[in-house]
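Coordinate inspection notes
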Amino acid sequence: MIAAPILTLRDAARHYPSGDTLVRALDGVSFNIYPGELVGILGPSGSGKSTLLLIAGLLEPPSAGEVHIRGKCVSHPGMDLDQMRHFRRNNIGFVFQKANLIPFLTAVENVALALHIDDVPARAARSYAAHLLASLDLAHRVDSIPSRLSGGEQQRVAVARALATDPGLILADEPTAALDSVRGRQVIGLFRQIADERKAGVLVVTHDPRTLDLFDRTIEMNDGRIVG
Amino acid sequence: MNLALKDIRHNAVRFLLTVTGVAFLITASIGMVGLYRGIVSDALLIIEEVGADLWVVQGGRAGPFSESSAISAELDRRVEGVAGVASARRFVQVSQQFDHGGRQLRAALVGVDYPEDAGQWTHLIQGRPLASGHFEAIADEAVGLSLGDRIRLGQEDYTIVGLTRGMVDMSGDGLLLVSVNDALAIAQRRTSEEVLLARSAGGRAPAAPSGGSSVRQDSKIAAVLVTLDPAADPEAVRRTILRWGDANVLSKAEQAGLLLDQRLWRLRVQILAFTAVLLLVMTIVISLIIYMLTMEKVHEIALLKLMGARNTLIIGMIAQQSFLIGAAALGLGLVLAQGIFPHFPRKVAIDPGDIAMLGGAVALVCGFASLIGISRAMKVRAQEVLS
Ligand SMILES: Nc1ncnc2c1ncn2[C@@H]1O[C@H](COP(=O)(O)OP(=O)(O)OP(=O)(O)O)[C@@H](O)[C@H]1O
Ligand SMILES: [Mg+2]
């Protein structure tokens, strides 16, 4: 890769005090993610994968080390990350195991909400959201509320929402865990497409070995460290 | 995109139930205040309508509404002689209970000085004012009589010649208007037991005068209503009458003040306290609801923060829901009040000024409730999306 990395972690650590001991959820992790790259994070339960995403997503500051996005240091120990909301809105898209859609908004409104938050005028937001949903094969579902959607459909709406503000970095924590293997592969395929077409860096925590062929590379974690 | 409205539409039934509950509290508040306003306006009715500039009452007394007043029967003639007095009318009011067709009816019997006063000032909706000094009566519809009814009061039968609407005394009894002389005759009729009791007391109590013209000892005339010449100085007239020593003079404003500040002040404090309690309950209820709605949306709020929403978006959503509940409840409460209270036995006066004040109070309550919800929402962290 010739381009500058979209995301860089430098010796990032995250420690949680637990009684008298210290849980080293993340214990000095460094890596780069480049634009257009789809990277998988693997590892046993409790190895620190979700913690890694929290740190990279500017939801928690690291106990030590730094997070750089587009070459700029955006998170370091003791930082108040509530100030980074605006930055998050424009630079990072999140997808989780649960779709986390807002139950009282329709599919298209859930996606448009991300644009609304970014001060895009209502009509433009709605039409772009509908366009995004259509590109994810959800044109027929735009006006359904989440409870009327299948798990896979909900997850695709969540992906559309993460894409709405065209962020350079997409972080996904086990986005396929609640889906069957066909649907799961579809979602990872979607991320592949996003990385290729939008040149976004996509970091996906996954347990599913059957989708690994779609990734550019994988990061293995164990006990809060990268092991391969 | 208005999140508050979308959420309300999604949970419409719950919103409507909440609004209905709060609306009933508001209706109750409107009723409390309206009941007080109704009592005040009923109490002031005669004072306002009878058209007297001054009330001459028993010396040292503040009658006839705040305490009893009895003046000598010829006082009106003396008052009439005072310079500046255009007319003087005798006035008497007593509560009366009587039987009509097997029903026990209550009325506030008012004696007016026919023919100077034939009851033209009452709000007649049917019939006519008094046309004779005897055995005719004007009744308010609240008494429960109709035009042409004949009722027995004292020893005589009276014919209802006129019907009024909304003419009641402080306790809500409809007025029954007769001439002063008739009123005195009715008021002084004693039951046979009373006569026996009086005899056994050694005959100290004077016997009831027969016929009802001369009433010296136990006069039932309560006041003389004075109308002044347009050019007269009320103070001069007052000073002249006070100098006699046996009479007190009250202006219209003083009569009204006595009623409101002396007779009704406890009621006023009570009703204010009751309204305060209702507002407190409303505060607790709305705060609890808003807090619950916020708690229920913690996940969505965390998501909004994760997506980078400004606090104003979240605050707006909570505050708008709070104020929408308040505004809808105020509207519904008002509609309910207007539908329900006309069927209440006593007048409930809905005053626009009171409604405006209540609206202000509801706005304060909603503002407070929003703060409770907002302070909870501000504590939500974006990471909570994951929990
Ligand atoms: N807020 C916290 N307080 C204390 N300990 C924590 C906290 N969050 C995570 N941990 C601990 O840090 C370690 C790593 O947790 P993490 O959630 O990152 O694992 P994970 O790899 O995502 O596991 P899984 O595959 O089960 O999701 C675990 O031992 C966990 O108990
Ligand atoms: Mg995890």
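Conventions and cut-offs
Along every chain, residues carry numbers that run from 1 in the direction the sequence is written. Working convention: letters from A go to chains and numbers from 1 go to ligands, in the order in which they are written. Per-residue local features of the predicted model are confined to residues with pLDDT of at least 70, and side-chain atom pairs are confined, for both listing and counting, to 80 or more; whole-chain, interface and lining totals are unaffected and use all residues. Water and hydrogen atoms were dropped before computing side-chain values, which therefore reflect all heavy atoms in the structure. UniProt positions are given in the numbering used here, feature names are shortened, and annotations may be inferred rather than shown by experiment. Whenever Lys or Arg places a side-chain nitrogen within 4 Å of a carboxyl oxygen from Asp or Glu, that contact is recorded as a salt bridge. Secondary structure is summarised from DSSP: a helix means a run of H or I of at least four residues, a strand means a run of E of at least two, and numbering begins at the N terminus for each. For every residue, the accessible area (1.4 Å probe, protein chains only) is compared with the maximum for its type, and the residue is labelled buried under 20%, exposed over 50%, or partly exposed between those bounds. Distances are taken per atom, and a residue is near a molecule or strand as soon as one of its heavy atoms is within 4 Å of it. Identification of polar contacts relies on pairs of N or O atoms within 3.5 Å, with a donor-acceptor requirement for protein atoms, meaning one able to donate a hydrogen and the other able to accept it, and with residues adjacent in sequence counted only if both atoms are side-chain atoms. Calculation of accessible area relied on Shrake-Rupley with a 1.4 Å probe; when residues are assessed, cover is drawn exclusively from the protein chains displayed.

The name given to chain B in an unreviewed UniProt entry is Putative ABC transport system permease protein, and the organism recorded there is Aquabacter spiritensis. Per its UniProt entry, chain B bears the Subcellular location (unreviewed entry) comment "Cell membrane".

You'll find chain A entered in an unreviewed UniProt entry as Putative ABC transport system ATP-binding protein, with Aquabacter spiritensis given as the organism. In the Sequence similarities (unreviewed entry) part of its UniProt record, chain A is described as follows: "Belongs to the ABC transporter superfamily. Macrolide exporter (TC 3.A.1.122) family."

All names here are of chain A. Scanning all chains against the criterion turns up 32 salt bridges over all chains. For Asp118, the salt bridge goes to Arg89, with nearest N and O atoms at 3.6 Å. Placement of the pair is Asp118 in the loop between α3 (107-117) and α4 (122-135) and Arg89 in helix α2 (residues 85-91), with a sequence separation of 29 residues. Assessed through its relative accessible area of 22%, Asp118 is described here as partly exposed. Overlapping salt bridges, with partners in common, bring together Arg24, Asp27 and Arg225 in one network.

Residues and elements named next belong to chain A. What surrounds ligand 1 is a group of 13 residues, the closest being Ser45, Gly46, Lys49, Ser50 and Thr51. Thr51 is positioned with one of its side-chain polar atoms (N or O) 2.5 Å from an oxygen atom of ligand 1. Protein burial of ligand 1: of its 630 Å² of free accessible surface, 61% is covered by the chains. At the level of elements, β2 (21-33) and α1 (49-56) are the ones that each hand at least two residues to the shell around ligand 1.

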